[in-house]
Every structure is written in structure tokens, then in C-alpha cells.
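Overview (structure and organization)
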Amino acid sequence: MNNGKPPKKTRNNKPNSDYLCMAPFVHMYVHPDGNVGSCCQVGGNLGSLKDNTLKELWNCEENKDMRLKMINGEKVSACNTCYKHESNGLLSLRNHINNRFERMKDVVSETERDGRLKFNYKYFDIRFSNLCNFRCRTCNHSLSSSFFKEAKLLEEMYGNKHVDGLGLIGTSGENKIIHPAKTPENLWGQLEEIIPDVDTFYFAGGEPILMEEHYKIIKMLEEHKKFDVTLSYSSNFSKLKYKDYNFLDVWPKFRNVQIAVSLDAMGKQAEYIRKGQNWAKTEENLSAFREKCPDHDLELTPTMSLMSAYHLSDLHKYVVDKGYFKADKLYIIPLHWPHVHQAQVIPPKLKEKIKDKYKEHCKFLAGSGEPKALSIFNSSIEHMFSEDLYEKHFPTFLNHTKMVDVLRDEYFFEVFPEYKDYE
């Protein structure tokens, strides 16, 4: 019995750093379909904005339990992807979030004994919709409105059956553009209360530069001269303007702007993997950013997949030589879904060729004194060889790719001649 006193804090308990992640102490992720998770890696483990508000979900049972397990040094099953990345020597999302919010670590000690914590939404990661102008081969309608028509066609081609591990197939409802809350206005009403206290805004999508809500937030921050926040993006970098805003004129006003650019290859391979990309326009935008935002950095964030793996070292060297990116501004994201696109599905002989390419690139990186990038490529080799999924998934990959090629009037083996021996 506590005689009406509030629960005691965990202030005297030293959190175990082995499994601690700052995410559930400063952050909640909102997917375009409304599902709310501890982070984007976990997904929708906390509930939905269709049923609850952000404040209500902040101290839901799942979130309280996660905080307590982390404080007590216990593994959290929902975090297995990060644990796996770290065991393979890769940087995990947990690493990134902990590095970013190390300065706020004291908030962990404010957690009550039942896991409850004062609403402390410092890391903003709300995907306002699935609005996007690309149809990337490994994506789907829930994250790109451009898939709507194609997703329906693929569903019909597969006999209206859900085929696990392929992606692309099926739509998230009957609307081309989906929103996380019951209405956009309902979501915006919750955000107006949160925005003044946010430390870091992370904008992703869909494609955030196309979204009205992103525009309104940046305009609000500019009007209130709140330039001391961090603006962080995951963007395909195809558009840098919206309405009356050229963001190249606005971003220099902010203390810290970090843009993770989603590029997987160059030229025709880039345009095949991320349908809608114009490689020449991408280079034009990268060059313009370097000219107008010299104090801000771009990070190259390719997705390592069956299609992109062969080209990643060439891409990295090219964009570094061109001056678009610093060599150590690199975060290779290993693809885990759709399953048939994983790098572990690559034919064994081709894996060896990719390893040789990465090793050669590592010689260049070693000579230029870039240990972080060198480590990332070595870890990517380990990831690629961590499993052999060629026989399990490669035939399915080929069949599915041919179906998408028919819809797009494309031909995989022409764009990726390294796979010609497996046609």
C-alpha cells in the first residue's frame, strides 16, 4: 500500500547499457497506416492512432514493459533486428538513436517503477501519409501512393492471394493516399501541442518533401524562429521545392540539418530499382545542396539488396569523388523484407565477385583514412554471407521480377548483366 503517494522512481537504479535504447524514453514511431511502434524497426507494437492518441499510447502496457526490461538489463524480443545487426558488426538503429540522444540519458532515471514516464516526445517520427512519387522494387503501397494501381494489378496476377515475402502486392485499403489518424485534421490537432517541445524532427514517408504537413511544420518553425532544432530526413532527393518554399533557401537557417539520401545505384540501375528516379536530376539536386547548404551534411543510405549489392561500392566511390558526400557519411541498410530481395539470396558465385569488389574498395578507403566506411563495407560482406538463401528464394525472386517487368516494360537481365548467367 502506498498511502496515495506516487510510485517510486527508478532513479537509484543504474540502467544496463547492454540492451538500453533511448527510443521508448523519447520517441514513438507512427506508420502511414496509423500503427504506432517504439521505432520504425519494430513496427506497430503499441497500438494505432485510429483508436488512441499519442499521449494515451505513450504509457500503454507494451511501452512500459519495454522500458522496464531495458532498465533491468533484459533483452526485448521486439528489438531482435538491432541485436542481429550489432552481432554482425553492423550499425543498428539502436546505435543511431542512442548516439543522437546520449545527452538526454538522465530521462531514463525518471521512469516510474511500473514503467510509466512523463510524456517526453523529443524525437518526432510521424509518417503523415504514404504520399510518394517513386515505386521502388522493394517497397509497397503502404509506404508509396504511387503503387496503388500496380499493387491491385499484381494482386490480380497472383489470384488475389497474399504472397508473403514479395512486397509490392496488394493495397492498404481502397484509398490511394492513406493517413495515420482518422483524419489529417485529427492528427494535426495532436501535433500542435507536441511541436514546441520537440528536439529532433525526423521526416520520412512516403517522400516527406511532397507532404503538406512537413511544409506546415517547417513554416511554423521558421515563423517562430525556432532554428535550434535538428531537422533529419530520409528522402529520395527528387524534389527540393514545395509551394512557395525552396528548401535549399530555408535549411541554411537551421542549426542542424541531416539528410539521409536513399540511393542504391547509379544511372539505369538506380532508375530500375527506384522507379520514378531520374539520375541526372538527382545529381543536379545533390550538387545544388552542396552549393547552398555547405554547413549541412548528406548521408548516403543505400539499401543492401539482391539488386543493389553489386553496385554499392561503385556508387560510394562515385559520389565521394564528386564531392556530394563525405566518405564516412555512409549507412548501408541491410534489407530484411521482402525476403526474396535480401542480399543473402544472391547466387554464391556472384557473392564472391561482390566480396572482391568490396575488398578492392576497402583498399581505397584504407588509403584515404576512412575507417568507418571501411568497417561498414567489411560488415556488409559478413551480412551477405551470414546465410545462403539462394535456393530457397532466388527462383521466386526471378518469377516475381518478370511479372513486375511485364507491368513496367522493363527487363531485369538487361539492366543487371551480372545476373545473365542465372537467366
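Above this text sits the structure in question.
This text gives an overview of the structure that appears in the document. No experiment lies behind these values; they were computed from the predicted model shown.

**Some words on the nonpolar core**
Soluble globular proteins tend to bury their nonpolar side chains together. In terms of nonpolar packing, the biggest core is built from 124 residues, with F124, F201, L231, W251 and Y419 touching the most fellow members. The residues contacting Y419, other than those within four sequence positions of it, are L306, I346, P347, L350, F394, F412 and F413.

**Notes on the packing of aromatic side chains**
The final tally for this structure, using the stated rule, is 33 aromatic pairs. Judged by centre distance (5.3 Å) and plane angle (85°), the rings of W58 and F119 are edge-to-face. One end of the pair, W58, is in helix α2 (residues 54-58); the other, F119, is in the loop between α5 (93-100) and β4 (123-126), with 61 residues separating them in the sequence. A residue is classified by how much of its surface remains accessible, and W58, at 1% relative accessible area, is buried. Residue F119 is classed as partly exposed on the basis of its relative accessible area, which comes to 26%. Between the NZ or CZ atom of R67 and the centre of the ring of W58, over which it lies, the distance is 4.9 Å. One residue, K355, lies across the ring of F385, its end atom 5.7 Å from the ring centre.

**Re unusual backbone geometry**
Omega for the bond connecting G205 with G206 falls within 30 degrees of zero, at 15°, which places this linkage in the cis form. Among the secondary structure elements, G206 is positioned in the loop between β6 (200-203) and α8 (212-223). Cis peptide bonds are those with omega within 30 degrees of zero, and the linkage from W337 to P338 qualifies with 0°. Structurally, P338 can be placed in the loop between β14 (333-334) and α13 (348-367). Backbone geometry places K225, a non-glycine residue, at a positive phi of 50°. Here K225 is to be found in the loop between α8 and β7 (230-235). Residue K243 is not a glycine yet carries a positive backbone phi of 50°. Within the secondary structure, K243 is located in the loop between β8 (241-242) and β9 (245-246). Under the relative-accessibility criterion, K243 is labelled exposed at 59%.

Thresholds applied
- Residues numbered from 1 in each chain as written.
- Predicted model: local features only at pLDDT ≥ 70, side-chain atom pairs only at ≥ 80, totals over all residues.
- Heavy atoms only, no water.
- Core = buried A, V, L, I, M, F, W, Y, C linked by side-chain atoms within 4.5 Å.
- Buried < 20%, exposed > 50% of the residue type's maximum accessible area, 1.4 Å probe, protein only.
- Contact = heavy atoms within 4.5 Å.
- Phe/Tyr/Trp six-rings, centres within 6.5 Å; stacked < 30°, edge-to-face > 60°.
- Helix = DSSP H or I, 4+ residues; strand = E, 2+ residues; numbered from the N terminus.
- Lys NZ or Arg CZ within 6 Å of the ring centre and 35° of its normal.

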